[in-house]
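Secondary and tertiary structure notes
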Amino acid sequence: MRIAIVNGPNMNLLGLRETAIYGTVTWKQIEDRLYRLAGELQVDVLFFQSNHEGEIVDFFQQQLHDLDGVVLNPAGFSKTGYSILDALAAVGVPYIEVHMSNIFERGGWHAESIFFANAVGHVIGLKANVYELGLRGIAQYVKEQRTSISGKEWRTGAH
């Protein structure tokens, strides 16, 4: 099973940016924790972050046949990243949406996400822990889907 952890804009600044909201854990520390968890779950993880929407679209298209699930933090693309949303639909891969902050508590534009309705799950407001919970969640979802439907239906997005 191969799971991508995909981050939108400014998530590469974790540990430095708005520490009262996001905490002091760096992205490198989060990756290290996720690699350990992936080993425990017996899944391969692939990390991708970009401040450019088109690069995220390109990533999903390049990984078309290799991904079983995604943990997605769209960050600043939460309200505007329609091409990312379309790419996820095109490749038919299930995803869990994560946000380190409680986007509903923050209000305003933070409280809206175009990805919310199509996600198989959501983890919000638990700072760096959202990634581990998201990885556990998507791995379990994929495992359950694989046991309940045939491989052909799985890869065509009929889930």
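Each chain carries its own residue numbering, running from 1 in the direction its sequence is written. Per-residue local features of the predicted model are confined to residues with pLDDT of at least 70, and side-chain atom pairs are confined, for both listing and counting, to 80 or more; whole-chain, interface and lining totals are unaffected and use all residues. Where side-chain values are given, they derive from all heavy atoms of the structure, hydrogens and water being excluded.

Thoughts on the sheet that holds strand β4 (residues 95-99)
What counts here: A pair of strands counts as paired when DSSP detects no fewer than two bridges linking them. Helix and strand labels come from DSSP, where a helix needs a run of H or I of at least four residues and a strand needs a run of E of at least two; each type is numbered from the N terminus. Angles here are taken between N-to-C directions and fall from 0 to 180 degrees, while the axes themselves are lines fitted to C-alpha atoms, restricted in helices to the stretch in contact. A contact between two residues is defined here by any heavy atoms of the two lying within 4.5 Å.
Reading across from one edge, β2-β1-β3-β4-β5 is the order of the 5 strands in this open sheet, with parallel pairing throughout. A strand with exactly one partner marks an edge of an open sheet, and here the two such strands are β2 (44-49) and β5 (121-124). Here the strands of the sheet are splayed against their neighbours by 20 degrees on average, with no regard to which way each runs. In this sheet, strand β3 (residues 69-73) lies alongside strand β1 (residues 2-7) in parallel orientation, the contact comprising 5 bridges. Considered in β3, the bridge of Val-6 is made with Leu-72. Seen against the sheet, helix α2 (residues 27-41) touches β1 and β2 and runs at an angle of roughly 160 degrees to β2. The sheet strands contacting helix α3 (residues 53-62) are β1, β2 and β3, and the helix crosses β1 at an angle near 175 degrees.

Remarks on the UniProt feature "binding site: substrate" (unreviewed entry) in the protein
As a reminder, the rule being used: UniProt positions are given in the numbering used here, feature names are shortened, and annotations may be inferred rather than shown by experiment. The buried label goes to any residue with under 20% of its type's maximum accessible area, the exposed label to any with over 50%, and the partly exposed label to all in between, with areas taken from a 1.4 Å probe on protein chains only.
Within the UniProt annotation, "binding site: substrate" (unreviewed entry) is assigned to Asn-73, Asp-86, Met-100 and Ser-101. Taken along the chain, the residues just named run across 29 residues; in space they spread out, the farthest C-alpha pair reaching 24.6 Å. Taking the relative accessible area as the measure of exposure, Asn-73 reaches 2% and is therefore buried. When near neighbours in sequence (up to four residues on either side) are disregarded, Asn-73 contacts Val-6, Asn-7, Gly-8, Met-11, Val-98, His-99, Met-100 and Tyr-131. Turning to its location among the elements, Met-100 is positioned in the loop between β4 and α5 (103-106).

Observations regarding the pattern of salt bridges
Going by this rule: Salt-bridge detection follows one rule: a side-chain nitrogen of Lys or Arg within 4 Å of a carboxyl oxygen of Asp or Glu.
In the structure shown here, the tally under the stated rule is 6 salt bridges. Linking Lys-28 and Asp-32 is a salt bridge whose minimum nitrogen-to-oxygen distance equals 2.7 Å. Here Lys-28 and its partner Asp-32 are both found in helix α2, 4 residues apart, which amounts to about one turn of the helix. For Lys-28, a relative accessible area of 52% puts it in the exposed group. In this structure, Lys-79 and Glu-112 form a salt bridge, with 3.4 Å as the shortest nitrogen-oxygen distance. Of the two residues, Lys-79 sits in the loop between β3 and α4 (82-91) while Glu-112 sits in the loop between α5 and β5, which places them 33 residues apart along the sequence.

So, the nonpolar core
Put simply, the test is: Joining through side-chain atoms within 4.5 Å is the link that ties buried Ala, Val, Leu, Ile, Met, Phe, Trp, Tyr and Cys residues into a set, and such a set is a nonpolar core.
The biggest cluster of nonpolar side chains holds 27 residues, and the ones touching the most others in it are Ile-5, Met-100, Tyr-131 and Leu-135. Going through the elements one at a time, β1, α2, β2, β4 and α6 (129-148) are the ones with two or more residues in this core. Looking at this core, the element that brings in the most residues is α6, giving 7 residues. Excluding its chain neighbours within four sequence positions, the residues that come into contact with Ile-5 are Trp-27, Leu-34, Leu-46, Phe-47, Phe-48, Val-71, Tyr-131 and Leu-135.

Considering the packing of aromatic side chains
What counts, and what does not: What counts as a ring pair is set by centres within 6.5 Å for rings of Phe, Tyr and Trp (its six-membered ring), and what kind of pair is set by the plane angle: stacked under 30 degrees, edge-to-face over 60, tilted for all other angles.
By the definition in use, this model includes 7 aromatic pairs. Relative to Phe-47, the ring of Tyr-35 has its centre 5.0 Å away and its plane inclined at 75 degrees; by these criteria the two rings are edge-to-face. With a gap of 12 residues between them, Tyr-35 in helix α2 and Phe-47 in strand β2 connect regions that are remote in the sequence. In this structure Tyr-35 comes out as partly exposed when scored by relative accessible area, which is 47%. By relative accessible area, Phe-47 is classed as buried at 15%. Through successive ring pairs, a cluster of aromatic residues spans Trp-27, Tyr-35, Phe-47 and Tyr-131.

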